[in-house]
Amino acid sequence: MPRKGMRTLNWFSPKHNSATDVNSPSTSQFSSPSRFAFSPSRPSFSEAVIDRTIEMAEQMITKWDPDTTTFAKVTSLFYENRKEAKDFIKYVNNLHKAMHFHASENSRSDKLVRAQSLMQIAMKRLQKEFYQILSINRALLDPESISTVSSRTSISTRSSTSEFNVEDDDDNRVAIAGESINEVEDISNVVMADLRLIAECMISSGYTKECLQIYKVIRKSIIDEGIYRLGVEKLSSSQVHKMDWEVMDMKIKDWLNAVDVVMKTLFDGEKILCDHVFASSDAIRESCFTEISKDGAMILFSFPEIVAKNSKKSPEKVFRILDMYNSIVEHWTEIETTFESAIRSQAMTSLVKLGEFIRMALAEFETALQKESSKTTVAGGGIHALTIDTMNYIILLADYSYVLSDILDESPPPAKSSLPESYFGMADSDESPAPAISLRFAWLILILLCKLDGKAKHYKDVSLAYLFLANNLRYIVVKVRSSNLKYLLGENWISKQEQKIKKFASNYEQLGWSHVIQSLPREPNASMTPQQVKEIFKRFNSSFEQVHRKQSLYVVPNSKLRDDLKVSIARKILPVYREFYNIHKNTIAKERYSSHVIKYSPEDLAHYLSDLFFGPIELGSSSSVESSPSRTIPSQLQ
């Protein structure tokens, strides 16, 4: 009859068949795993076999007891003889089973005490080996290297029956790893396999705490050091509050770079390593990674919150804050899958605080734009600095439209009643509402246009005021077309603004050139006396010189608008003047001082008109056109 308790020991049989190992001291005793299978007719283990197991384990453990010999103290078991190291692990595992056997039979057995003593020696040895492997191979276990090896060999998903199986020899392991893996990666695989063997042995033997303590101390220091070297440090609220923005801006740049590196390399590599070494227990590997990563991750993801809460909410800072917000959003999937709830919560808190900063800074920008009240005019009706600065700012904002749509989603768009329906030029109805982000950008540009309308009133020359509006609106439309604003505002919006530009340009022409146009006869080929011809030429010369003197100071920076204006003005003047000139010039040419009457040929007028809107130029200067090769005459004027 089997003794009491023997039925529970069938799971103590060795994991692998040691009969295939001719060098194993246990060959005669453990000839086949089937000898240890449970059978109702006989016990799974005999006490003699268990005693022999302890004796064999004692030989191996004593040999490598660091307190026994100098050789064992200064030599690494896994470095000296990896085959013997794996045997050492096997004997420790068998010793643990033997301890269970004696504990179930007699908890006060001398053999159990002896086995426990051996186990303590063995664990001391394995702690030493575990520490040495982690310490000596820091370069091979660098997170970036681990990530690279993982991407090529998928080490994080391999089970205990893979190439890291304790019974596989090194040659087989390297062969299975594949020809594409270089020698360094092969060594990394071996090192990781050794760590896993030791960890599984210590954990199964009840020494989880000791194993994790060694692992956490070494690997946590690597994460903390890595984050520090990337320029991320723990800052207090008072430090941020007192810090110059130029210094803070550099720290934010370091943080942005650090987030990409640590998420793609540092934390990823550490999680892969931790998952592999402690693959035998989901709970252990998760808690272990949390312990080694939480301090570094907390410093990393609390930085944006501290900056957002303690920096002045000024518009010029918003782009760096948007960069941080966008970085967290881009890495959010990795954050959720990599970290436990406390870190995820901190990252979310930072997102919320960054969003609040951005909304407040944009509100301040809008308020500052509405309060802008300078009365200075731009010489020549050119582009106002407010237009340039505001559009540059809005264009940069448009590059962040994806994240801004989420951030501003909590802020209601301007009331439709406050926006002229004719202004929007975009689909915005209850049935097909425009996106809130589009309305927000349209609102900002509307504020700018209203400001420009007010500034145009400061020009004494009304025609120049319209030219100023045409110039600035053309600048805005060009900027919209060449940026993401094109997609946010839409073609309909752009078309509406271009119609406004044409209207402004038409008003400028009517007010600025009407006297010149009216000085020409309605019927240039009509029969006239020489005196009437003289009066028409003199009236035209005076009007043209007066208008040209004023208009030559005006500027139109946009080449298309400039050419359109010159062509339009020329079409209203040149055909009539040319016909009148060709019919009546001979009448005046016969008289004395005819050159004072006919001052300009049609070609002269074409040159002077083509030279408009570039800046000051004197009438009658033949070199003025020739000296400016960029001021070419449009074909429509010739």
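On a predicted model such as this, the values are computed, not experimentally measured, just so you know. (Residues numbered from 1 in each chain as written. Predicted model: local features only at pLDDT ≥ 70, side-chain atom pairs only at ≥ 80, totals over all residues. Heavy atoms only, no water.)

Trainee: It is not clear to me how the packing of aromatic side chains should be interpreted in this structure. Could you clarify?
Mentor: Tallied over the entire structure, the rule returns 22 aromatic pairs. With a centroid separation of 5.7 Å and 15 degrees between ring planes, the pair formed by Phe 540 and Phe 544 is classed as stacked. Of the two residues, Phe 540 and Phe 544 both sit in helix H22 (residues 530-551), four residues apart, roughly one turn of that helix. One exposure class covers both Phe 540 and Phe 544, and it is buried. Through pairs of rings, three or more aromatic residues link up here, namely Trp 513, Phe 537, Phe 540, Phe 544, Tyr 577, Phe 580, Tyr 581, Tyr 600 and Tyr 608. Over the aromatic face of Phe 289 sits the side chain of Lys 271, whose NZ or CZ is 5.8 Å from the ring centroid. (Phe/Tyr/Trp six-rings, centres within 6.5 Å; stacked < 30°, edge-to-face > 60°. Helix = DSSP H or I, 4+ residues; strand = E, 2+ residues; numbered from the N terminus. Buried < 20%, exposed > 50% of the residue type's maximum accessible area, 1.4 Å probe, protein only. Lys NZ or Arg CZ within 6 Å of the ring centre and 35° of its normal.)

Trainee: Is there a simple way to explain the packing of helix H13 (residues 318-330) against helix H15 (residues 341-371) in this structure?
Mentor: Each pair of packed helices can be summarised by the angle the axes make with each other and by the distance between the axes. Here H13 crosses H15 at 150 degrees, and the two axes come no closer than 9 Å. When the axis of H13 is compared with that of H15, the two are roughly antiparallel. Crossing handedness for the pair H13 and H15: left-handed. Contacts between H13 and H15 involve Val 318, Ile 321, Leu 322, Met 324, Tyr 325, Ile 328 and Val 329 on the former and, on the latter, Ala 347, Ser 350, Leu 351, Leu 354, Gly 355, Phe 357, Ile 358, Ala 361 and Leu 362. (Axes fitted to C-alpha atoms, helices over the stretch in contact; angles between N-to-C directions. Parallel < 35°, antiparallel > 145°, perpendicular 65-115°, else oblique. Left-handed = near helix turned anticlockwise from the far one by under 90°. Contact = heavy atoms within 4.5 Å.)

Trainee: What should I look at first to understand the packing of helix H11 (residues 245-277) against helix H12 (residues 282-310) in this one?
Mentor: Orientation of H11 relative to H12, taken along the N-to-C sense of each, is 170 degrees, at an axis distance of 11 Å. As judged from the angle between their axes, H11 and H12 are roughly antiparallel. Residue classes in the contact of H11 with H12 are distributed as 18 nonpolar, two polar and five charged. (Nonpolar A, V, L, I, M, F, W, Y, C, P; charged D, E, K, R; others polar.)

Trainee: How do you make sense of helix H16 (residues 385-398) when you look at a structure like this?
Mentor: Think of an α-helix as 3.6 residues a turn; residues three or four steps apart then line up on the same face. Spanning 14 residues, H16 covers 20 Å between terminal C-alpha atoms, matching the ideal 20 Å at 1.5 Å per step. Those residues of H16 lying buried are Leu 386, Thr 387, Thr 390, Met 391, Tyr 393, Ile 394, Ile 395, Leu 397 and Ala 398. Residues of H16 that are buried in the fold lie against H13, H15, helix H17 (401-407), helix H19 (436-456), helix H20 (462-481) and helix H21 (485-518). (Expected span 1.5 Å × (residues − 1).)

Trainee: It is not clear to me how the pattern of salt bridges should be interpreted in this structure. Could you clarify?
Mentor: Should their charged atoms come close, side chains of opposite charge can pair. As enumerated under the stated definition, the model contains 34 salt bridges in all. Between Lys 83 and Asp 87 there is a salt bridge, with its nearest N and O atoms 3.0 Å apart. Placement of both Lys 83 and Asp 87 in helix H4 (residues 82-105) is noted, with a separation of four residues, approximately one turn of the helix. You can call Lys 83 partly exposed: its relative accessible area is 37%. (Salt bridge = Lys/Arg side-chain N within 4 Å of Asp/Glu carboxyl O.)

Trainee: Would you explain unusual backbone geometry in this entry?
Mentor: Excluding glycine, residues mostly have negative phi values, and the peptide bonds linking residues are mostly trans. Although it is not a glycine, Phe 613 sits at a positive phi angle of roughly 70 degrees. One can find Phe 613 in the loop between helix H25 (602-610) and helix H26 (623-626).

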